[in-house]
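Results of the structural survey
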Amino acid sequence: MEESLDAIDKYAAMMVELMQIVYPSIEFTVPFDMRCINCSFRITKGSKFNARMVEDEDFFGIVRNRVELKCTRCEGAIHITQTYSLKDNARTKTSIEKGAIQIPKDEL
């Protein structure tokens, strides 16, 4: 009985340690105009947000960053992915995963 309680305590300690993972906070500048899906608030190009770097992957020299920011009006989550190559050090693609839609240039 005591062995099973020790195993449960170890598992609980491990879960608490995993829950304390803190993602780094960054200052993120929006590279295009977008509209929040929840409240239809327009976020303009060049707006600065305090965002969280949720994930950072490196796959054969191609880096993929996921950034999570919140709408300033409704606090809805917006997830943006940036993919770029380390070889030419130029950002190749920035896209919205969820929470907003990109406004086309001809709609401005």
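Residues numbered from 1 in each chain as written. Predicted model: local features only at pLDDT ≥ 70, side-chain atom pairs only at ≥ 80, totals over all residues. Heavy atoms only, no water.

1. Quick word on the overall build of the protein chain
Helix and strand counts for the protein chain come out as one helix and eight strands. For the protein chain, restricting intrachain contacts to residue pairs at least 6 apart in sequence, the fraction spanning at least 24 positions comes to 35%. Carbon and sulfur atoms form 53% of the exposed surface of the protein chain, whose accessible area is close to 8000 Å². (Helix = DSSP H or I, 4+ residues; strand = E, 2+ residues; numbered from the N terminus. Contact = heavy atoms within 4.5 Å. Areas by Shrake-Rupley, 256 points an atom, 1.4 Å probe, with all protein chains shown as cover.)

2. So, the pattern of salt bridges
If you walk through the whole model with that rule in mind, you get five salt bridges. Arg-64 is paired through a salt bridge with Glu-97; the nearest N and O atoms lie 4.0 Å apart. Here Arg-64 is found in strand β5 (residues 62–70), whereas its partner Glu-97 is found in strand β7 (residues 91–98), with 33 residues between them in sequence. On the basis of relative accessible area, Arg-64 is assigned to the partly exposed category, the value being 30%. Taking relative accessible area as the criterion, Glu-97 reaches 40% and is therefore assigned partly exposed. Each of Arg-64, Arg-66 and Glu-97 takes part in one network of salt bridges that share partners. (Salt bridge = Lys/Arg side-chain N within 4 Å of Asp/Glu carboxyl O. Buried < 20%, exposed > 50% of the residue type's maximum accessible area, 1.4 Å probe, protein only.)

3. Here's the deal with the state of the cysteines
Evaluated as defined, the whole model comprises zero disulfides. Unpaired in this structure, Cys-71 has its nearest cysteine sulfur neighbour in Cys-39, at a distance of 3.7 Å. Cys-39 provides the cysteine sulfur closest to Cys-74, a residue in no disulfide bond, and the two sulfurs are 3.7 Å apart. Judged by relative accessible area, Cys-74 falls into the partly exposed class, the value being 30%. (Disulfide = S-S within 2.5 Å.)

4. With respect to the sheet that holds strand β8 (residues 100–102)
In spatial order, the strands read β3-β2-β8; together these three strands make up an open sheet with antiparallel pairing. Of all strands in the sheet, those with a lone pairing partner are β3 (42–43) and β8, marking the two edges. With three bridges connecting them, strand β2 (residues 34–36) and β8 associate as antiparallel partners. Bridged to Arg-35 within β8 is Ile-101. (Pairing = 2+ DSSP bridges.)

5. A few points about the pairing of β5
Summarising the sheet, strand β4 (residues 48–59) and β5 pair through seven bridges and their orientation is antiparallel. Counted as the bridge partner of Asp-58 is Val-63 from β5. A loop of two residues connects β4 with β5, the two strands running antiparallel in sequence, and Phe-60 in this loop sits at a positive phi of about 55 degrees. Relative to strand β6 (residues 77–85), β5 runs antiparallel, the two being bridged by nine bridges.

6. As for the nonpolar core
By size, the foremost hydrophobic cluster in this structure holds 17 residues, and its most contacted members are Phe-28, Met-34, Leu-69, Ile-78, Ile-80 and Ile-96. The element contributing the most residues to this core is β4, with three residues. Ignoring anything within four residues of it in the chain, the contact list for Ile-96 reads Phe-32, Met-34, Ile-78, His-79, Ile-80, Ile-101 and Gln-102. (Core = buried A, V, L, I, M, F, W, Y, C linked by side-chain atoms within 4.5 Å.)

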